[in-house]
Amino acid sequence: MKFIASVLLTALLSIAACLYLPWWSIAPAAFMSSIIIPQQPGKALLSGFIALLLVWGGLAWYISNRNEHIMAHKISLLIFQTDNPLLLVAATALIGGLVAGLASLSASYLRR
Amino acid sequence: MRILLSIITAAVTVTLIVILNSTLLLPAPLGKLLSPQHGIWQNAEAVDANFSADLNFPQLAGKVDVYFDDRLVPHIFAEQENDAYFVQGYLHAKFRLWQMELQTHAAAGRASEIIGIKALKHDREFRRMGMGYAAEVALKEMEKDPAIKAACDAYTAGVNAWVNTLTESSLPVEYKLIGYKPELWSNLKTMLFLKYMSYDLAGGDDDFEMTKAKNYFSTADFNLLYPLQQDSLDPIIPKGTKYEAPKLQPTAPATADSLYFNDKQLLAMMNPSRPDRDNGSNNWAVAPSKTKNGAPILCNDPHLGLNLPSLWYEMQITTPAYNAYGVSFPGAPAIIIGFNDSCAFGFTNGGRDVKEYYSIQFKDDSRKEYWFNNEWKKTDFRIEHIKVKDSLNYTDTVAYTVFGPVMYDKSFNGGIANGNYYALRWTAHDPSNELRIFYELDRAKNYTDYSNAVLNLHTPGQNCVFATKSGDIAIRTQGKWPAKWKGQGDFIMPGTDGSYLWQGFIPMDETPQQYNPERGFVSSGNQKPADSTYPYYLGRNYPPYRGLIINKKLQAANNITAQDMMDMQVNNDNAFAAQAVPLFLRHINDSLLDNEQNKYLDMLRDWHYTNDATSNAATVFAVLWNKFSDTVLADEFRNAPAGIMRPFESTLLEALHRDTACKFVDNIETVQTETLTEMATAAFTAAVTSLRSLEAAGKLEWSMYQATGVRHLAKLDPFSRLNLPIGGSRYSINATKPDHGPSWRMVISLTADTEAYGVYPGGQSGNPGSRFYDTFVNHWVQGRYYRLWVMKPGAVKDARVKWKMRFSKA
């Protein structure tokens, strides 16, 4: 229950923060969420990771789908030299998840 | 312990963020770029995106309604004249901001700010060419004209109304990828854009290359290699036209022979960058007597660099004063090529040399004084501060003389110049107000309006074609053309003697022009505007072939329809090959060829001189001609200085037509005298070797060999459309080249309702993530057109209206 609450809170805080702040505000968002809902380090890492994996991956997928992947085709070629929209969505999800997971982990050590 | 762990993981997190926010370890700042709320995903426009909006701006005087059709072409209806330009600026910025800023940065010599030290040479060259100076002069001149100033002010306010809405998320994707932010627009930027067009269209010269040629070859050889007029020339103004005695008779300086024509001093290596020589175009208009429905038809296809986003943006502007439709330049107000309710207008490049270099003698290296008309004159210095990304800023000091900026000196052009200084005299530096021609043409009602409008066009000079619904057709090679004595400015001129300056400009009523000619059509394809009976010197650098073929087709045609004209614009007939191939077929000795070589020769035999996309013979000819001219001219040019002028292909071909034993054919490095048969057969054998590997690589088909593409302005391949299956050639009306070609094809039948067709190789949106980014490219490749819809004010319920933007006064 706590785990799901943490995932939801991290997701909400991240989306809200990114409306006004740079992309890396997902890190302080996950950090805060982990302070508000303390968990074991392993769970904290996982909840932060999953939260942003879902938010960034989901948003990217939603946007790309409505775009019929026009942009994702081109950008995946540009960055990865391979034409694979899914890879670009996966990379987006992974980056969000890693940053948020680590921030969440860092906060989890501060409280028991 | 836990605190320490927390600090360590926090540090790891911060490090990861820094890496993902920069290019320290990654090729791109992936975190910033891929954040769905900030990065490239924000530019991935939904395919069913809604462009409708209700907008309020205090700068507006009244209401403006904009209706977008299914091709995203805006139809602007403004209550107030200048509000239309505000909205035009707003829409240009909304759909094309990045290219507008890139082009004006390039014009101003500010590319280093964005891409760093590798652009410094470009920036110095453009600043030394006086581009910024020219734009400032033009701005001052424009501001004297209240109507144009108001138009520019409104346009600039419109651009900035959009720029001010931008956030990190809504920036065009190129800003995100390259990592910078747009600045506010200004009227100066509009002037810089126009100067960029002047550079592109009237920035060509070959004075250094020709000077080297003059110094290297004997006078007889020089005249043979660089003739003043091609035998096949069919000028814009037909041969046999009678010209009045000129009002102005420039005289060559007394020292011209000794100090200019026969001055053989060697010139150091100098290879300035050049705009594309084939920046040309076709335009023509046919009279009612030659059309099926009795309405004149006007056609235009300007040939320019093929880029995405396109140079052009299509739109309709309707105000109480006028109703114009056509293409506009993102970066400037007005419709540039198009039509209104009374007439249609179009342009091809004049291509005349309006750019001279003078050799300057400074008193010393300080460049403070130079010798001119037997005295030391003081220079002005213009100090150019160039910001360079990730590097120290660069300061360039350019000396200005009576001619203009001293473009080349010891500090520029690699320091290998022979200690000489070269000043640039260019008409683009002179005050002029080019926007007024478009402002007036958009509102023109008749031939008199056109005649007055075109007088405002100074640089780049153009062949302006015109037709009215009342049945008039006209063409005029309009520009600020220097009246030159024969040979003036073909080579670098002495800068110590004022008698080498231009002595005046061709009076506007003496520019070559035609109004309702008897033959029932006017046309231009960048060929020489008039033959040698025209009383002013016109120089030598004009391509003859497209003009030739256009005139031939128009002469033969009757009962012409708009469809005929569209077919003609995409016609792939190769006028050069039609003259060259029969000569080769007569002289290649096929008994010396093996079976495989004969297979390729048969392709040439069966060819109808048409560069269709799938033609193999077109490739055979192109390769053969390259081998042939390289072989034939190799001996003549073996020891020539680098960067010397090469003769045009027409020169070699026409010399052979006059005399198959002409001087070029013999290899001067051998004892025996070579014949055309030997040279042609050898060239063909060599060509087959290349053709064989081309065929093996699947590149024998013409479109595969030529590989025409429409390239993104930052040369990003995924944003480009490469290897397009399109026919045409530089010698065809469909004048395609690898990165250059018909940038807007337009056919206007001036019937009561105006039957208009057009297409450009791009799309209305500059966003690579939009479905409207390259919408028209396939149509363009296939030679198809869109019927242009001139929306009537009440037609808001028409099925073609997809979105509506309403602009009101706040």
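So, how was this worked out
- Residues numbered from 1 in each chain as written.
- Chains lettered and ligands numbered in written order.
- Predicted model: local features only at pLDDT ≥ 70, side-chain atom pairs only at ≥ 80, totals over all residues.
- Heavy atoms only, no water.
- Axes fitted to C-alpha atoms, helices over the stretch in contact; angles between N-to-C directions.
- Helix = DSSP H or I, 4+ residues; strand = E, 2+ residues; numbered from the N terminus.
- Parallel < 35°, antiparallel > 145°, perpendicular 65-115°, else oblique.
- Contact = heavy atoms within 4.5 Å.
- Nonpolar A, V, L, I, M, F, W, Y, C, P; charged D, E, K, R; others polar.
- Pairing = 2+ DSSP bridges.
- Buried area = accessible area lost by both parts, 1.4 Å probe.
- Salt bridge = Lys/Arg side-chain N within 4 Å of Asp/Glu carboxyl O.
- Polar contact = N/O pair within 3.5 Å; in protein donor to acceptor, adjacent residues only side chain to side chain.
- pLDDT = per-residue confidence, 0-100.
- Patch = residues over 30% accessible without salt bridge, like charges linked within 9 Å, V, L, I, M, F, W, Y side chains within 5 Å.
- Areas by Shrake-Rupley, 256 points an atom, 1.4 Å probe, with all protein chains shown as cover.
- Phe/Tyr/Trp six-rings, centres within 6.5 Å; stacked < 30°, edge-to-face > 60°.
- Buried < 20%, exposed > 50% of the residue type's maximum accessible area, 1.4 Å probe, protein only.
- Lys NZ or Arg CZ within 6 Å of the ring centre and 35° of its normal.

## A few points about the packing of helix H15 (residues 545-556) of chain B against helix H17 (residues 575-587) of chain B
Residues and elements named next belong to chain B.
Then step 1. It is at 8 Å that the axes of H15 and H17 come closest, and there the two elements cross at 100°. By the criterion of interaxial angle, the relationship of H15 to H17 is roughly perpendicular. Together, Tyr545, Leu548 and Ile549 of H15 and Ala575, Phe576 and Gln579 of H17 make up the contact between the two elements.
Then step 2. A per-class count over the contact of H15 with H17 returns 5 nonpolar, 1 polar and no charged.

## Topic: unusual backbone geometry
For residues that are not glycine, phi is negative in most cases, and the peptide bond is trans in most cases.
Residues and elements named next belong to chain B.
Then step 1. For the bond from Leu308 to Pro309, the omega torsion is -10°, close enough to zero to count as cis.
Then step 2. Along the chain, the position of Pro309 falls in the loop between strand E6 (307-308) and strand E7 (313-318).
Then step 3. Looking along the chain, the bond that leaves Thr459 and enters Pro460 is cis, with omega of 0°.
Then step 4. In this structure, Pro460 sits in the loop between helix H14 (447-454) and strand E18 (462-468).
Then step 5. Phi is positive for Tyr609, close to 60°, though the residue is something other than glycine.
Then step 6. Position of Tyr609 among the secondary structure elements: in the loop between helix H18 (595-605) and helix H19 (617-637).

## Looking at the sheet that holds strand E2 (residues 64-69) of chain B
All names here are of chain B.
Then step 1. Strand order in the open sheet made by the 11 strands is E1-E28-E2-E3-E7-E8-E9-E10-E18-E19-E21, with mixed pairing throughout. For this open sheet the edge positions go to strand E1 (53-57) and strand E21 (513-515), each flanked by a neighbour on one side alone. Across this sheet, the average inter-strand angle for adjacent strands is 20°, counted without regard to direction.
Then step 2. As paired elements, E1 and strand E28 (residues 801-809) share 5 bridges and run parallel to each other. Paired with Leu55 across the two strands is Phe807, which belongs to E28.

## As for the side chain of Gln764 of chain B
Then step 1. Mapped onto the secondary structure, Gln764 of chain B falls in the loop between strand E26 (755-759) and helix H23 (777-781).
Then step 2. Once you skip the residues sitting within four places of it in the chain, Gln764 of chain B turns out to touch Arg71, Leu72, Val73, Pro74, Phe95, Arg96, Tyr313, Glu314, Phe772 and Phe776 of chain B.

## Things to note about the interface of chain B and chain A
Then step 1. Residue-level contacts link 40 residues of chain B with 42 residues of chain A.
Then step 2. Both sides together, the interface formed by chain B and chain A hides about 3500 Å², and carbon and sulfur atoms give 75% of it.
Then step 3. Three residues stand out in chain B for area buried against chain A, namely Arg2, Gln37 and Trp41 of chain B, and they jointly supply 20% of the buried area on that side.
Then step 4. Applying the counting rule to chain B against chain A returns 1 salt bridge.
Then step 5. Across the pair Asp48 of chain B and Arg66 of chain A runs a salt bridge whose closest N-O atoms are separated by 3.7 Å.
Then step 6. Counting every contact that joins chain B to chain A gives 10 residue pairs in polar contact (both at pLDDT 80 or more).
Then step 7. Contributing elements (two or more residues each) for the side of chain B that touches chain A: helix H1 (2-20), helix H2 (30-34) and helix H8 (173-178) of chain B.

## Some details on the confidence of the model for chain B
Then step 1. Looking at chain B as a whole, its pLDDT mean stands at 94, while 98% of the residues score no less than 70.
Then step 2. Among the prediction metrics, the complex's ipTM stands at 0.97, with pTM recorded as 0.96.

## With respect to a nonpolar patch on the surface
Then step 1. On the surface, a nonpolar cluster with roughly 420 Å² of combined accessible area is contributed by Met1, Leu4, Ile8 and Val12 of chain B.
Then step 2. Checked against the element boundaries, Met1 of chain B lands in the segment before H1.

## Examining the packing of aromatic side chains
Residue and element names in this part refer to chain B.
Then step 1. Within the structure shown, the criterion is met by 64 aromatic pairs over all chains.
Then step 2. Ring plane angle 20° and centroid distance 6.3 Å describe the contact between Phe95 and Tyr313, whose orientation is recorded as stacked. In this pair, Phe95 is assigned in helix H3 (residues 81-108) and Tyr313 in strand E7, connecting sequence segments 218 residues apart.
Then step 3. A residue is classified by how much of its surface remains accessible, and Phe95, at 7% relative accessible area, is buried.
Then step 4. The exposure class assigned to Tyr313 is buried, which follows from its relative accessible area of 0%.
Then step 5. Sitting above the plane of the Tyr260 ring, Lys214 keeps its charged end 5.7 Å from the centroid.
Then step 6. The ring of Tyr439 carries Arg443 above its face, with NZ or CZ at 3.7 Å from the centroid.

## Re the pattern of salt bridges
Residue and element names in this part refer to chain B.
Then step 1. If you walk through the whole model with that rule in mind, you get 38 salt bridges over all chains.
Then step 2. For the salt bridge of Arg382 with Glu136, the shortest nitrogen-to-oxygen distance reads 3.1 Å. Here Arg382 is found in strand E14 (residues 380-386), whereas its partner Glu136 is found in helix H6 (residues 131-143), with 246 residues between them in sequence.
Then step 3. Assessed through its relative accessible area of 18%, Arg382 is described here as buried.
Then step 4. What makes Glu136 partly exposed here is its relative accessible area of 36%.
Then step 5. A salt bridge links Arg658 to Asp231, with the shortest nitrogen-to-oxygen separation between them at 2.5 Å. Pair noted here: Arg658 is in helix H20 (residues 649-658) and Asp231 is in the loop between helix H11 (219-225) and helix H12 (256-261), with a separation of 427 residues, a long-range link.
Then step 6. Through salt bridges with shared partners, a single network forms among Arg124, Arg128, Arg367, Asp396 and Asp409.

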